[in-house]
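Next come the chains, spelled out residue by residue.
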Amino acid sequence: MDKQSILIVEDEKEIAELIEIYLVNEGYHVIKANTGIAALDVLDRESIQLVILDIMMPGIDGLEVCRRIRQENNIPILMLSAKSEDIDKIMGLATGADDYMTKPFNPLELIARVKSQLRRYIQLNPQSANPAKEDEISSNGLTINKSTHKVILFNQEINLTPIEFDILLLLASNPGKVFTVDEIFEKVWKEDYLESDNTVRVHIRKIREKMEVDSKKPFFIKTVWGVGYKFESTV
């Protein structure tokens, strides 16, 4: 089963990192956002199963973020606040939050509440627990949108040419499958491959230069020596 993804929306870096450590230790996939705008952007691009949302943030606060999420999504929202007054809890729950915790909090209690909310959500929405966007492929921080031809890697857009996008999409649509150079050429260019043509290798190199931290030690597009290329997916 795919890991369940949790979005942490918290502008205090230390708190966000603490929550992330505990969630990762429990096997969850974690994405962090330090503003409300960034959080809404993540939700537009990623399949998220639960949001941990701080109320007090610069710009759009947590209450407004919660309202906007609820307009389109029924995923669990667990709110965090430095305020302990009942009115703040009431406002948080009234805007659509499923649970509410005040800072400072016990991380183990937070994890218990996360698990409880996810269990309830999965039971009520078995088909929505791990929603798959048909027009998107997501793997290890990389999102490929087939409709918009956008490629996002860790919140940064990667500008690929149409041919580069088609090569990446072909490989990513078949993770683990090894494609020979001539197979890639024939499927992307729709022409017969000429053995002396080095076009595919040149384009693979350009894709790696744009996407990889170290293009000589690629993480996503692996070379299978003597055979061809494959897309590596470890999620």
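Looking at an unreviewed UniProt entry, one finds the protein named Stage 0 sporulation protein A homolog, with Geosporobacter ferrireducens as its source organism. According to UniProt, the comment filed for the protein under the heading Function (unreviewed entry) is "May play the central regulatory role in sporulation. It may be an element of the effector pathway responsible for the activation of sporulation genes in response to nutritional stress. Spo0A may act in concert with spo0H (a sigma factor) to control the expression of some genes that are critical to the sporulation process."

Some thoughts on the overall build of the protein
Within the protein one finds eight helices and 12 strands. Expressed as a percentage of its 235 residues, the buried residues of the protein come to 44%. Taking contacts inside the protein between residues at least 6 apart in sequence as the whole, the part at least 24 apart equals 55%. When the accessible surface of the protein is split by element, carbon and sulfur atoms take 50% of a total near 12,900 Å².

Structural notes on the sheet that holds strand β8 (residues 150–153)
A sheet is described by the order of its strands in space; here four strands give the open sequence β6-β7-β8-β9, paired in antiparallel fashion. Each end of this open sheet is capped by a strand with a single partner; those strands are β6 (136–139) and β9 (156–158). Each strand axis lies, on average, 20 degrees off the axis of its neighbour in the sheet, ignoring direction. The pairing of strand β7 (residues 142–145) with β8 spans four bridges and is classified as antiparallel.

Some remarks on the packing of aromatic side chains
In this structure the tally under the stated criterion is three aromatic pairs. Ring geometry for phenylalanine 185 against tryptophan 189: centres 4.8 Å apart, planes inclined by 10 degrees, an arrangement best described as stacked. Here phenylalanine 185 pairs with tryptophan 189, and both are found in helix α7 (residues 181–189), just four residues apart, close to one helical turn. Using a relative accessible area of 5% as the deciding quantity, one classes phenylalanine 185 as buried. The interplanar angle of 25 degrees and the centroid separation of 5.9 Å between the aromatic rings of phenylalanine 220 and phenylalanine 231 together place this pair among those described as stacked. Residue phenylalanine 220 is located in the loop between α8 (199–211) and β11 (221–224), and its partner phenylalanine 231 is located in strand β12 (residues 228–231); the two are separated by 11 residues in the primary sequence. Classification of phenylalanine 220 as buried rests on a relative accessible area of 4%.

Conventions and cut-offs
- Each chain carries its own residue numbering, running from 1 in the direction its sequence is written.
- Two thresholds apply to this predicted model, a pLDDT of at least 70 for residue-level local features and 80 or more for giving and counting side-chain atom pairs, whereas whole-chain, interface and lining totals are computed over all residues.
- Side-chain measures here rest on the full set of heavy atoms in the structure, leaving out hydrogens and waters.
- UniProt positions are given in the numbering used here, feature names are shortened, and annotations may be inferred rather than shown by experiment.
- Only DSSP runs of H or I reaching four residues or more are called helices, and only runs of E reaching two or more are called strands; each is numbered from the N terminus.
- Relative accessibility decides the category of a residue: with a 1.4 Å probe and only protein chains considered, values under 20% of the type maximum give buried, values over 50% give exposed, and everything between is partly exposed.
- Between two residues, a contact is recorded if the distance between any of their heavy atoms is within 4.5 Å.
- All accessible-area figures derive from a Shrake-Rupley calculation using a 1.4 Å probe, and residue coverage is judged against the displayed protein chains alone.
- Any two strands with at least two DSSP-identified bridges between them are counted as paired.
- Every angle, taken between N-to-C directions, lies between 0 and 180 degrees, and every axis is a line fitted to C-alpha atoms, over only the stretch in contact when it is a helix.
- Pairs were defined over the aromatic rings of Phe, Tyr and Trp, the Trp ring being its six-membered one, requiring ring centres within 6.5 Å. Orientation was assigned from the angle between planes: stacked under 30 degrees, edge-to-face over 60, tilted for the rest.

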